[in-house]
Amino acid sequence: MRSPNTTRFEGQRAAPSAKLPGKWIGYGDPEQEDSPPAPFLRKSFDLPVLPVEARLQVAVLGLCELEMNGKPVHPELALIPGWSDFRVRTQVMTFDVASLLTVGANTLGCILGDGWYAGYLGFEGKRKLYGGSPAVRLQLEMTFADGTRTAVSTDESWEARTGPILRSDLYHGESYDARREFPDWSTPGSSRRGWHPVSIRPVSGDLVLDPKVSEPVEKVEYLPTLQVTEPVPGSYVFDLGQNMVGWAKLRLRGKRGQTVRLRFAEMLNPDGTLYTANLRTARATDTYIFGQDGLCEWEPRFTFHGFRYVELTGCSGKPRKAAVTGVVLHNGMRPTGQFTCSDPRVNQLASNIRWGLKGNFLEVPTDCPQRDERLGWTGDIQVFAKTASFFYDVDAFLTKWMRDLRDGQTPEGAFPDIAPTFICGFGNAAWADAGVIVPWVVYRRFGNRSILEENYEAMLKWMAFQEKTSRGLIRPPTDYGDWLAVDAVYAGHAPVPSDLIGTAYFARTAAIMTEVARVLKKPADAARFRALRSSVVKAFRREYVTAGGRLVGDCQTAYLLALAFDLLPPAQRAPAVERLVELIRQRDWHLSTGFVGTPLLCPVLSRFGRHDVAMKLLLQDSYPSWLFTVKNGATTMWERWNSYTPEAGFGDVGMNSFNHYAYGAIGEWLVHSVAGLAPGPDAPAYKHILFRPQLSPGLENASASLETPHGKTEIEWQCERGEMEGRITVPAQSYADFVHTTKGKLIEGKTTKTISGNGRLRLSPGDYRFRLKFA
């Protein structure tokens, strides 16, 4: 539902720091404690003739909205230019604005918002963590038909004032007083009354101005209200039917001076009122004051909320459903993957995974979008990156985020817990390892070798840090462990030691670095990391594996790490799988894992021949399980397995997000093992594909498709009474292996190949049908 832009964002063409003239300008008091009114800035200029090219380059400390001659420069974009570690860098965006210019007088306007730079940020109730007030530096460069050029840049000649945006904050919302509007402020010849000189802002010359490499945040789609209730007289609750991230567009009649308020929530209390306790200090409230009698259409500029429900108060009477529309915001990533099956509950789970991704891929991969946090936690994206990279093209998005991560790395090599970083720890197991794992996932999915090259030195520093701070290659205890594991919920601690997790990930990252060095043609490094991985594995076995093959902690996550990362000798793997299954059986076929163990659970079971147990876990709908959340009305992934239960109600309000994608990491397995479409090991970017259809007890059919760099690949199958029929597509410039474990036939056109037992068939590009008979 994106309308055509009158201008075009040209992020890849943005100039580096040295080529962006102009001064940093702003307006207002940087010392103001609470959120100040938003500054409006403008500059008028004359053009004797129209240019053949006009490129507007803008860098902002904060957020901005740009107008030219009364028209928006980027009508479908929001929250630009976004978030980076403003202590190190900010992003430059470039727009083609030639179509907005006129012969004669022109006016360029810019509205500034606090955003991540000067607004409230983090869970300590602080604002201005990077700077006191927003500032902008821009240049409009115009080229004429005769080859001459001219430019308009930010300097002392600009003028500024405040207006109808009384305050704007990402956590707390936006207040707008339409009585203070000054129409046509960005058009030539408008009144100069109330306008004042801008202030020149002192900004460090060391600040890097980077081209914005990721897609900007967009208004992606619009959700209508499904139902309106009135749980309290005068308080109207709008249900959009979907937990989403963005803001509400208001369309309402009122009288001048009338104030209406919009509050946002993910869930409702039993009495139908908003459940907002889990927002902690985030007020999540937008306010609109009518400027005149009649109909208003309004939406905020510099905030966002995580919500399904909107409470509207201050109305003259009961509003219509059309009074509130949800505007969905996230970075403009291209959707690439689809999964579906015969069980509607699992389809809802897949939808929840996608919506969790969309809601939390807003400038950085955040943990949650609603409370006073919304931070780029590294552990969350480390486990979710494979699933994210299937459903969406996150190549540019994660490439940009890796810059944020590198900006927060310590001189000693430890990666931070969050990126951009400002309040967190460093070097924690399974969190800091994102610095190695995420670039590798992006390379394997998209074939983007440059992300390995760009991050290689930072990855080397992290590996050196792990070696230096280990004891006999055993990692020290660190924070988090198997975060929010069920065992920890009940016992107050997780039985798997954090040093076991850290050592397992040490081996895993050494294995990845072996492959990274091979890709980058660094054979000496590859040999060194291969030897390091071997030594870490030996240390792991010595420290954590008993003579009888049991693992320290003797819990699901311990066995999952050892099996997933190939840390056990071959003779001990089958007994470890048996023990894992027994631990699941002892819990009446339920999981007991947290953020670290859960993403490995079903993949490990399917890989080691217990796909039946993996399916039993998938289709389990009692607590704790994925379908338990679906059964209880979830439309996104939850932070906790018990974020809500019918017996106890809502979970711990101190940390209880209903939009938290980490447990959605099962999406990778749904595609690879249930549908049977997986990347092959021989080449990245699905140049090599594995098709592995198998019986998935409880499902009658499944399908998956993916837009790869080489074209669309897909699989679909139907199964009845042990007989499976299906089809697959191998895209041009790719090849595939069809992995089979039973007898059957593979058909291409008029050619039929007979399949018998375990094996694989090499396939060239084309469309195929298959028939398999399982005993």
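The structure under discussion appears in the preceding block.
S.K.: Would you mind showing me how to read the sheet that holds strand β39 (residues 751-755) here?
M.R.: The strands that make up a sheet are held in pairs by hydrogen bonds between backbone atoms, and each pair lies either parallel or antiparallel. Sheet architecture is open: seven strands sit in the order β27-β34-β35-β36-β41-β38-β39, paired in antiparallel fashion. Among the strands making up the open sheet, the edge pair consists of β27 (337-341) and β39. Adjacent strand axes in the sheet meet at a mean angle of 10° when their direction is disregarded. Here strand β34 (residues 701-708) pairs with strand β35 (residues 711-720) via eight bridges, running antiparallel. Bridging from a neighbouring strand, Ala 704 pairs with Ile 715 of β35. Set on the sheet, helix α3 (residues 378-391) makes contact with β27 and β34; between it and β27 the angle comes to about 95°.

S.K.: Can you walk me through the environment of Ile 666 in this structure?
M.R.: Looking at the secondary structure, you find Ile 666 in helix α15 (residues 666-675). Taking the relative accessible area as the measure of exposure, Ile 666 reaches 4% and is therefore buried. Separated by 66 residues in sequence, Ile 666 and Leu 600 have C-alpha atoms that sit 8.3 Å apart. The residues touching Ile 666, leaving out its near neighbours within four places in the chain, are Leu 349, Ile 353, Thr 387, Cys 602, Leu 618 and Trp 626.

S.K.: How should I be thinking about the packing of helix α10 (residues 556-564) against helix α12 (residues 598-607) in this particular structure?
M.R.: Running from N to C, α10 and α12 point in directions that differ by 55°, and their axes come no closer than 10 Å. On the basis of the axis angle, α10 is oblique to α12. Where α10 crosses over α12, the two elements pack in a sense that is left-handed. Here α10 contributes Gln 556, Leu 560, Leu 561, Leu 563 and Ala 564 to the contact with α12, which in turn contributes Leu 600, Leu 601, Val 604 and Arg 607.

S.K.: Any chance you could explain the nonpolar core here in plain terms?
M.R.: Generally speaking, a soluble globular protein has its nonpolar side chains buried in company with each other. If you look at the biggest cluster of nonpolar residues, it comprises 214 residues, and the most contacted ones within it are Trp 116, Leu 349, Phe 361 and Trp 626. Here this core gets twelve residues from one element, more than from any other, and that element is helix α8 (residues 498-519). Ignoring sequence-local partners within four residues, the contact set of Phe 361 consists of His 330, Asn 331, Met 333, Ile 381, Phe 384, Ala 388, Val 394, Phe 397 and Tyr 661.

S.K.: Please explain empty space enclosed by the protein as it appears in this structure.
M.R.: Any empty space left between the atoms is revealed when a probe the size of a water molecule rolls over them. For the coordinates displayed, the defined rule picks out six cavities of 30 Å³ or more. Considered as a void within the structure, the largest cavity measures approximately 50 Å³ in volume. If you go around the largest cavity, the residues you meet are Ser 84, Arg 89, Gln 91, Asp 210, Pro 211, Lys 212, Val 213, Lys 400, Arg 403 and Asp 404. Mapped by element, the contributors of at least two residues to the lining of the largest cavity are β7 (89-96), β16 (208-211) and α4 (395-408). For the lining of the largest cavity, the per-class residue count stands at two nonpolar, two polar and six charged.

Procedures and definitions
- Residues numbered from 1 in each chain as written.
- Predicted model: local features only at pLDDT ≥ 70, side-chain atom pairs only at ≥ 80, totals over all residues.
- Heavy atoms only, no water.
- Pairing = 2+ DSSP bridges.
- Helix = DSSP H or I, 4+ residues; strand = E, 2+ residues; numbered from the N terminus.
- Axes fitted to C-alpha atoms, helices over the stretch in contact; angles between N-to-C directions.
- Contact = heavy atoms within 4.5 Å.
- Buried < 20%, exposed > 50% of the residue type's maximum accessible area, 1.4 Å probe, protein only.
- Parallel < 35°, antiparallel > 145°, perpendicular 65-115°, else oblique.
- Left-handed = near helix turned anticlockwise from the far one by under 90°.
- Core = buried A, V, L, I, M, F, W, Y, C linked by side-chain atoms within 4.5 Å.
- 1 Å grid on protein atoms, 1.4 Å probe; cavity = no way out; pocket = protein on both sides within 12 Å on 5 of 7 lines; lining within 4 Å.
- Points joined across faces, edges and corners; volume = space filled by probe spheres on them.
- Nonpolar A, V, L, I, M, F, W, Y, C, P; charged D, E, K, R; others polar.

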